[in-house]
Every structure is written in C-alpha cells, then in structure tokens.
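Each chain, written out:
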Amino acid sequence: MSAALPVHLGDQRVATIQATTQGATLMYEAAWLSNPDRFPISLSMPLQHEPHGSDLVWPWLMNLLPEGEPLRAMTRVLGAAPEDALGVVARVGGDLAGALRIAPQPPTGEPGYRAIPDGAALGRIIDELPARPFLAGDEGVSMSLAGAQDKLPVALVEGRIAVPIHGAPSTHILKPDNPRLAGSVHNEALCMVLARRVGLDVAAVSTGLAGGRAYLLVDRYDRVGSGVSTGRLHQEDFCQALARAPAAKYEFNGTGTRGPSIADMFALVRRHMTARDTNRLLDAVIFNIAIGNVDSHAKNYSIMLGADGARLAPLYDLMSGLAWQGITENHAQAIAGQRRGRHIHGRHWRRMAEAAGLSARGTIRRVEQVTSRLLHELTAVAAEVAAMPTGTGMLDIFREQIERRATEVRANARVDGTPDPDAHEDGAPSLGASAYSRPR
C-alpha cells in the first residue's frame, strides 16, 4: 500500500490520508476547500488547511470497518492485520458507508453489477458470509460496512439482487437471519416498521427468503437514485463524529475510555444541527427504551453531511432484545444513571433532560406521546410484517414483549419510583461486539 491514500467524492479528490509512525494524518485538498459545495468528511475533522492528526483520523477509519469476528475473517481473506485500519480500508474502500471512495487507485474495470442468478445462489452467498464477509477477495468487489453482524451491501437492479463491482454503489443492505437469535429478521422488520408508523424517520425495509434463509433488505439512506445513476450521500456515525473508537460505542465499556453518553449525543446535535434534529433524537431515545433495544449504541445513530450542513440520519438497526434469553438488560447508554428500561421512571427522564439541555416537562410529555402512539400502531404493524415473504414466525412473541415494555415505560414515566440498587449493574456487551452478537 502507498503511504498516501487519496479520498475521493466522485471524481474529485477531497483529501489525502498519510501513513505516519503514529498512525495517520488527513489533509484536505486545496481544491476541495475552495469548492462551493464543500463539507467536512467528519464533524470531528472540520475543514482546514492544516492536517488532522491520528487521534481523529484513526477512530474515523476504524469505524468504517466491521468489528469482532467479521473483521478478523475479512482480514484473513485479504491477508491483512486487523489493526492495520489504513491498509484494510485501502483494500475495501470502493463502497463504504457515506459518499467517499478511499483507494490507492481508481477501479480497474467498468463500475457495474453482477447479478445473483437465483435464490439458491443467494442462499449460498449468505451461508458463506461468516467466512468471507462482504465477499472479500472476489474479483472487482471492494466494500465494507461497520458492525459485528453478518451483512452484505447489494443493489436492486430491475428488481433483482446484484453485487456491486468495480466501485459501483450499493443501494441496499442485506442482513441474514441470525442463527443464534431465532426470528431476528422478523424482530428487526417489526421494530423498523413500527418506528415508521410511529412517525420516526427510518430506513425502509422488506424481507425475503433465499435457499431456506430469511433476510432483511434495508434501503440505504445514503444513496439516491437507482441503477447506474445511483448517487452517494455522505454520512458518519456518532462514534466518528465524536472521535471514539468502535469499542467505545457503549457508554460503559472496558476500553478505559467512557463511550458517548446521552448528554454527549444531544450536545453534538445542538452544536451542529437544528432544534428539529434535537427533537428527533429525543424521540429515537424514547422509542429504543420502549422497545427494549439494548443495542442502541453510538454507532447506531448517524449524521448526514453535505454542503447545506448536518442533520440527523434516518434510524436503522432497531431490534428488541426482550424475548431472547441471556441478552443483557442494560441499555447502551444510561438514562440519568439507570440502564435498565423497566426501572426508568419520571425522575430519570427529568434528570436526563436537564443534563441534555431539554425541557423536563416536555420530555415526560414526549415519553407519553411516543409510547402511546407505539402501542396504538403495534398490532397493525405486526400484521404488515406478517404479510411480508417471511411470514409470521415469532411476531406474536415480539409484539407481546414490546407491548409489555412500552406500557411499563409509559406508566413509570408518570411516577418517580424508588431508588434502584442496580442502576449501575454491569453486564455491558463485550468489546467490539453487539449486544445481540450472541446470547448472554
């Protein structure tokens, strides 16, 4: 790999990443700094003539890559070291989250799509993902997504699923069922559709079957258009914006660096976005508590970046952990010190509001509104998901558990409750993993 790695937006060179003995630096190109449509590639690395140091560049790069076993499997195929973020990104930077291409050379072939012939072939690809994430090593394939779960960027071309090659943009993310968590596709589809019906801005989803495997198909909100005319929109997650490594995505973790808190996230939004985005973030936090989404960590919130500024991205990766045995009950961020959803009372919401610069009375009122709307829509949402190709599965179980928790959250918000001795009880997800990576 060259010591200098160019960063492109379309045909324009935006910045150059330079390997150093300490890690890497990033310097914006003069032409980009004078472009009327310029924007920073990260809120943590504002537009400037001086280079940004490794303390900012390295976390941003690491957050473009998968975590845990998917990262180890991908680097085994590529013959790279998992800790060599710059070298790995140089190999897989043809299609990333956001709008940028990071590669030492332009694609050698014509950008396009390789059709997957049928469901059986797609099923085989899904089965191979644990050993070969993102089809690493395939001719013309260069792509990556963050996270600890198996997934595959794909494109819908004339209604058929295809693999992007030679730097062509993917349009969807395919997420297979998780063999360790029965009904994971139904669960996520239910939570995503429920968020939409509640009024939250959320990525659109559908489900499918391939070779006996169920999968969720998620529209990429960082893409616009379709087919060969698909364009990319830039985005980053909250860990990138706050210059935190992927392992620090949970507020409480074992890295020695405390992860982003709810207050940190609201401060970021207030600093760079609008009051509308602040309200959207509050609704998302309430919704995740109400459905028991213990994995709503800082990498599961993102920001759209463009010449017109920053705004909160649509929600994604919404899933309830209530129905599975062995999943931690602790949420990724505490609500005023309390991490267990069933123990969050009015006093916790009010203290959270105070720390986040929100109206305490307005926050309690919003908890009531979001949970009431959720409960009103839940049955209809379950019917909508049941009509998808994967059928009913465990939908009734997931629906019942969410209904119970949302009812509890709404009732508890009206009272202060009693002090909770387990407010800081441990049980945070393991480093570099998802709370749903495996039963615990």
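In short, a report on the structure. (Residues numbered from 1 in each chain as written. Predicted model: local features only at pLDDT ≥ 70, side-chain atom pairs only at ≥ 80, totals over all residues. Heavy atoms only, no water.)

### A short note on the sheet that holds strand S3 (residues 23–28)
With antiparallel pairing, the 4 strands of this open sheet are ordered in space as S3-S2-S1-S4. Either end of the sheet is taken by a strand with one partner, and the two such strands are S3 and strand S4 (100–102). Pairs of neighbouring strands in the sheet enclose a mean axial angle of 25°, with direction left out of account. Pairing of strand S2 (residues 12–20) with S3, which is carried by 6 bridges, proceeds in the antiparallel orientation. The residue bridging Ile17 from the neighbouring strand is Leu26, located in S3. Helix H2 (residues 54–62) contacts S2, S3 and S4 of the sheet and is inclined by roughly 95° relative to S3. (Pairing = 2+ DSSP bridges. Helix = DSSP H or I, 4+ residues; strand = E, 2+ residues; numbered from the N terminus. Axes fitted to C-alpha atoms, helices over the stretch in contact; angles between N-to-C directions. Contact = heavy atoms within 4.5 Å.)

### Side note on the pattern of salt bridges
Evaluation of the coordinates by the stated rule reveals 33 salt bridges. With its nearest N and O atoms 3.2 Å apart, the salt bridge here joins Arg72 to Glu69. Of this pair, Arg72 and Glu69 both sit in helix H3 (residues 68–78), separated by 3 residues, roughly a single helical turn. Overall, the relative accessible area of 41% leaves Arg72 in the partly exposed class. The exposure class of Glu69 is partly exposed, given its relative accessible area of 37%. The partner of Arg405 in a salt bridge is Glu408, and the shortest N-O contact between them spans 3.1 Å. (Salt bridge = Lys/Arg side-chain N within 4 Å of Asp/Glu carboxyl O. Buried < 20%, exposed > 50% of the residue type's maximum accessible area, 1.4 Å probe, protein only.)

### Considerations on the packing of aromatic side chains
The tally for this structure, following the rule as stated, stands at 4 aromatic pairs. Pairing Trp32 with Phe39 gives two aromatic rings, centres 5.3 Å apart and planes at 85°, and the pair type is edge-to-face. Here the aromatic rings of Tyr221 and Tyr316 are separated by 5.9 Å at their centres, their planes lie at 35°, and the arrangement is tilted. Residue Tyr221 is found in the loop between strand S10 (213–219) and strand S11 (223–224), and its partner Tyr316 is found in the loop between strand S15 (309–312) and strand S16 (330–335); the two are separated by 95 residues along the sequence. The residues Tyr221 and Tyr316 share a single accessibility class, namely buried. (Phe/Tyr/Trp six-rings, centres within 6.5 Å; stacked < 30°, edge-to-face > 60°.)

### Comments concerning the sheet that holds S10
The antiparallel open sheet is built from 6 strands, whose spatial order is S5-S7-S6-S8-S10-S9. Strand pairing shows two members of the sheet lacking a second neighbour, strand S5 (112–115) and strand S9 (205–210), which therefore form its edges. Here the average twist between neighbouring strands, direction ignored, is 45°. Pairing of strand S6 (residues 152–157) with strand S8 (residues 172–176), which is carried by 3 bridges, proceeds in the antiparallel orientation. Paired with Pro153 across the strands is Ile173, a residue of S8.

### Topic: the side chain of Arg101
Its place among the elements puts Arg101 in strand S4. Although Arg101 is buried, it forms no salt bridge, and the closest oppositely charged side chain is Asp11 at an N-O distance of 5.8 Å. (Lys, Arg positive; Asp, Glu negative; His and termini not counted.)

### Observations concerning the side chain of Ser320
Secondary-structure assignment places Ser320 in the loop between S15 and S16. Classification of Ser320 as buried rests on a relative accessible area of 3%. Here the side chain of Ser320 touches Ile291 through a polar contact of 2.6 Å, landing on its backbone oxygen. Among the polar contacts made by the side chain of Ser320, one reaches the main-chain amide nitrogen of Leu322 at a distance of 3.4 Å. (Polar contact = N/O pair within 3.5 Å; in protein donor to acceptor, adjacent residues only side chain to side chain.)

### A few points about the nonpolar core
One finds Ile17, Phe287 and Trp349 to be the most contacted residues of the largest nonpolar core, which totals 129 residues. Sequence-distant contacts of Phe287, defined by excluding residues within four places in its chain, comprise Cys191, Leu194, Ala195, Val198, Leu200, Leu318, Val370 and Leu374. (Core = buried A, V, L, I, M, F, W, Y, C linked by side-chain atoms within 4.5 Å.)

### As for the pairing of strand S13 (residues 234–237)
Alternating residues of S13 divide into His234 and Glu236 and Gln235 and Asp237, and every residue in both groups is buried. Bridging between S13 and strand S14 (residues 302–306) involves 4 bridges; their strand directions are antiparallel. Within the sheet, the bridge partner assigned to Asp237 lies in S14 and is Ser302.

### Observations concerning the packing of helix H9 (residues 275–291) against helix H12 (residues 395–413)
Running from N to C, H9 and H12 cross one another at 125°; their axes reach a closest spacing of 7 Å. Considering the angle they form, H9 stands oblique to H12. The segment H9 lies against H12, with Ile289, Ala290 and Ile291 engaging Ile402, Arg405, Ala406 and Val409. In terms of residue class, the contact of H9 with H12 is built from 6 nonpolar, no polar and 1 charged. (Parallel < 35°, antiparallel > 145°, perpendicular 65-115°, else oblique. Nonpolar A, V, L, I, M, F, W, Y, C, P; charged D, E, K, R; others polar.)

### Digging into the environment of Pro179
Here Pro179 lies in the loop between S8 and helix H6 (184–198). Pro179 gets classed as exposed once you look at its relative accessible area, which sits at 71%. Taking the C-alpha atoms as reference points, Pro179 and Phe287, 108 residues apart in sequence, are found 26 Å from one another.

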